[in-house]
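One-letter residues, chain by chain:
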2 protein chains.
Amino acid sequence: MSDHVTAVYELESAVPLERAAEVIAGEQSCGTFVRVARESDELRARHAAHVVKIEELPLSGRPPLPGMVGDPNQLRRGRVTIEFPLANFGPSIPNLLAAVAGNLFELREVGALRLVDLELPSAFADRYPGPRFGIDGTRSLMDRPDGPMIGTIVKPSIGLTGDQLAQLVTELGDAGIDFIKDDELQGNPPGLPLLERIRVVTDALKKVADRNGRMPMYAFNITDDIDRLEPNHDAVLAAGGTCVMVCVNMVGLAGLEYLSRRTQLPIHGHRAMYGAYARSPQLGIDYTPWQQLARLSGADHLHTNGFANKFYETDDEVLASVSAVRAPLLGGYETLPVLSSAQTPGLAHLTYERTQTTDLLVLSGGGIHGHPQGSAAGVLAMREAWDAATSGEPLDERAAKVPALAAALDTFGRPT
Amino acid sequence: MSDHVTAVYELESAVPLERAAEVIAGEQSCGTFVRVARESDELRARHAAHVVKIEELPLSGRPPLPGMVGDPNQLRRGRVTIEFPLANFGPSIPNLLAAVAGNLFELREVGALRLVDLELPSAFADRYPGPRFGIDGTRSLMDRPDGPMIGTIVKPSIGLTGDQLAQLVTELGDAGIDFIKDDELQGNPPGLPLLERIRVVTDALKKVADRNGRMPMYAFNITDDIDRLEPNHDAVLAAGGTCVMVCVNMVGLAGLEYLSRRTQLPIHGHRAMYGAYARSPQLGIDYTPWQQLARLSGADHLHTNGFANKFYETDDEVLASVSAVRAPLLGGYETLPVLSSAQTPGLAHLTYERTQTTDLLVLSGGGIHGHPQGSAAGVLAMREAWDAATSGEPLDERAAKVPALAAALDTFGRPT
């Protein structure tokens, strides 16, 4: 059994890379700027973090972050691997973060620093049970045993009346959608409080189920103060709902973990605010280590962004995120990747070609609600596009047979 | 009573600033890329966020963040003020964050985006009680009715045995220190678990109090999974401890708020990992809005960084952070600024000159433990330097009278 955590960083520094790496290892283990009393060699041997590898990388070309020391002409970039003794923090995600992602971003010895990977020992698996439902549990609850799971987001994000929301959910449910979620902006607003929303939506869904023999999964955004998570979850469960959603960065990984110990429903993990510590290539935390911690903390579904999205990430970055969520983690922690952001039927072939899987939850918000023939036609168009993609049929061929798909492509665009 | 939240951003964009601001307001309120069914004018009127001000700023000169759309030659920079209807999220910090700091960092319409200020309506004060002790409560518990509060961090951060820690605490307590804290790296490690640390430290502190009639405040780092916060706090309380510490970013603002509803002790809020979303001037969240949310969430003490610190921030930035924590907030939320990072006696005059207050908790780690005559001399040197600073006596004059201070200046340096 491994007794250490391996963290990988990409950094730029105007002091020698070896020195910058040693500063990080020192600051984040025994930790101060001067050797102090009682800091014995034996203590250092047991608790010091160790630099195990440094690979030189080409410079990013970006000016260093503020406060860097050293001669900028001496700037070098490297990929640095550091081992931290597990004995320093034990298998605790919050305390792990203090070591591998604490003060180090503020160090003057670096002009760029990004945590890009983590390798955790099995002690974390012993402590954190992880997702309770995962992909299979989700498929089972939404009665979609195979193929891509097609979902949508309630739009407009906020402001619908209960009646309007019920109509929308009914329309989508009757169209055979697999999954509907609240927007991340829809929490517990005074105009249509969460408890009322739960009542309205579950009533509508039950009628859909009675009519069609199948109920879409609806992820209620229960994001709020920690003390409200369990009552919110319980209200969803009591009403017959089948999924809860939290914005992971708003409740914190620790809040997600708290909920996961109590949930009897899959947890849909939204990544809103991820960009705040990820978009700068010079700073912050990559999706790869972040999703590991979110899976350990119990996310059954995790947003990865989608191909050709309206946000900043490239398709290669999206693929890396989807692959990261699908990668094995400590022998378990199976989590469903959620693709969203400007997703339309025209992207089905690209998405399937890149990911080579249908274990995906693909969310189309505007792409379904903005369909010129209405939301039901929007759902049909998504389903037909994906069916064509997975059966090897060109999109245009299918569109020639399915007017709703043709209309979607006319409205939202064809693949370029 | 105000019915909206005002958020201020600094952004760079290659589309017209007015357009970029509208995209943020739209995405973060009604929110999608295409107008959808049921999105009535009346709904928009009630729920849309509004751009209320745009001030042009000089360009940062940094290359835009990845994924920006538009012609980089058209890049402009501005300070944008947006009002969000409170009705969209209610007075909930997690749901507020989804609106003012959610997906917007990922928008392609911006090449830089930073949340720099927030103005919250009083509904937040009705919901969040905030710090229970604040400055006065802290002074009372540590029996330091006026003057700067002098503290230190246990160093080495980790790895001391119980006996060594007891010795260190005893030495510091006998030297009259006001405050001692665990390092942020010291959580609940297997070698000296938190419960054992609490026992060892409180035993030592009680003897100090018996001997000297005064017990330093010790902030036990109880950072861990949410479910462990309350038992950890209760153990500190039961043992007679007077302070708990959490790494705010590791338990999340929501975790801090959860603890604050239960605490009977001041909460020392560490800001480790703050740099991950703050160091890039192009991205993330400024200290000003962050500390507002941390104070609302119940932090009695908040780390601001210190002058001439070993990290990246300039003295002006540190002063801005100290001033932010001392600024009024919704009629309450008095929180003690904590200055740390390479703090030594030589910085007392500068710190007092810049802040013009002694309502500060000044932490010196290496500057006390690394004192050539031992920790007790380190405490004395800090106290004497501050006494000179607040009584208008030049540092060198005082050092000529106090050998421990002279030795500290020789070791750690004089002001430049």
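Computed from a predicted model, the values in this text were never measured in an experiment.

Undergrad: What exactly am I supposed to notice about the interface of chain B and chain A here?
TA: How big an interface is tends to be stated in terms of accessible area lost as the parts join. Taken residue by residue, the interface counts 99 residues in chain B and 99 residues in chain A. Both faces combined, the contact of chain B with chain A buries some 8,400 Å², and carbon together with sulfur accounts for 55% of it. The largest share of the area that chain B buries against chain A comes from B:R38, B:E106 and B:R279, three residues that together contribute 11% of it. If you look at where chain B meets chain A, you find 10 salt bridges. One salt bridge in this structure joins A:D224 and B:R127, with 2.5 Å as the shortest N-O distance. At the level of secondary structure, the elements contributing two or more residues to the side of chain B that touches chain A comprise α2 (41-47), α3 (93-100), α6 (162-174), α8 (226-238), α9 (248-260), β10 (283-285) and α13 (366-369) of chain B. Among the residues forming the side of chain B that touches chain A, the class breakdown is 47 nonpolar, 31 polar and 21 charged.

Undergrad: What is the right way to look at the relation of the copies chain B and chain A in this model?
TA: Each of the two chain copies can be generated from the other by rotation about an axis followed by a shift along it. Taken as rigid bodies, chain B and chain A are interconverted by a rotation of 180 degrees and an axial shift of 0.0 Å, the fit giving an RMSD of 0.0 Å. Here the copies are linked by what is in effect a two-fold axis. Interface residue correspondence from chain B to chain A reaches 100%, placing this contact among same-surface, isologous pairings.

Undergrad: What exactly am I supposed to notice about the pattern of salt bridges here?
TA: Oppositely charged side chains are able to pair whenever their charged atoms sit close together. Here the structure, examined in full by the defined rule, presents 62 salt bridges over all chains. Of the charged contacts in the structure, one is a salt bridge between B:R211 and B:D174, with a shortest N-O distance of 3.0 Å. One end of the pair, B:R211, is in helix α7 (residues 194-212); the other, B:D174, is in helix α6, and 37 residues separate them in sequence. Judged by relative accessible area, which is 39%, B:D174 ranks as partly exposed. The structure contains a network of salt bridges with shared partners spanning A:E384, A:D387, A:E393, A:R398 and A:K401.

Undergrad: How should the sheet that holds strand β11 (residues 301-303) of chain A be read in this particular structure?
TA: Adjacent strands of a sheet pair through backbone hydrogen bonds, lying either parallel or antiparallel. Residues and elements named next belong to chain A. The strand order around the closed barrel built from eight strands is β5-β6-β7-β8-β9-β11-β12-β13, with neighbouring strands paired in parallel fashion. Neighbour to neighbour, the strand axes of the sheet diverge by 25 degrees on average, direction disregarded. Bridging between strand β6 (residues 179-181) and strand β7 (residues 217-221) involves three bridges; their strand directions are parallel. Counterpart to K181 in the pairing with β7 is A219. Taken strand by strand, helix α11 (residues 315-326) contacts β11 and β12 (336-339), and its axis lies near 160 degrees from that of β12.

Parameters and conventions
- Residues numbered from 1 in each chain as written.
- Chains lettered and ligands numbered in written order.
- Predicted model: local features only at pLDDT ≥ 70, side-chain atom pairs only at ≥ 80, totals over all residues.
- Heavy atoms only, no water.
- Contact = heavy atoms within 4.5 Å.
- Buried area = accessible area lost by both parts, 1.4 Å probe.
- Salt bridge = Lys/Arg side-chain N within 4 Å of Asp/Glu carboxyl O.
- Helix = DSSP H or I, 4+ residues; strand = E, 2+ residues; numbered from the N terminus.
- Nonpolar A, V, L, I, M, F, W, Y, C, P; charged D, E, K, R; others polar.
- Least-squares fit on C-alpha atoms with pLDDT ≥ 70 in both.
- Buried < 20%, exposed > 50% of the residue type's maximum accessible area, 1.4 Å probe, protein only.
- Pairing = 2+ DSSP bridges.
- Axes fitted to C-alpha atoms, helices over the stretch in contact; angles between N-to-C directions.

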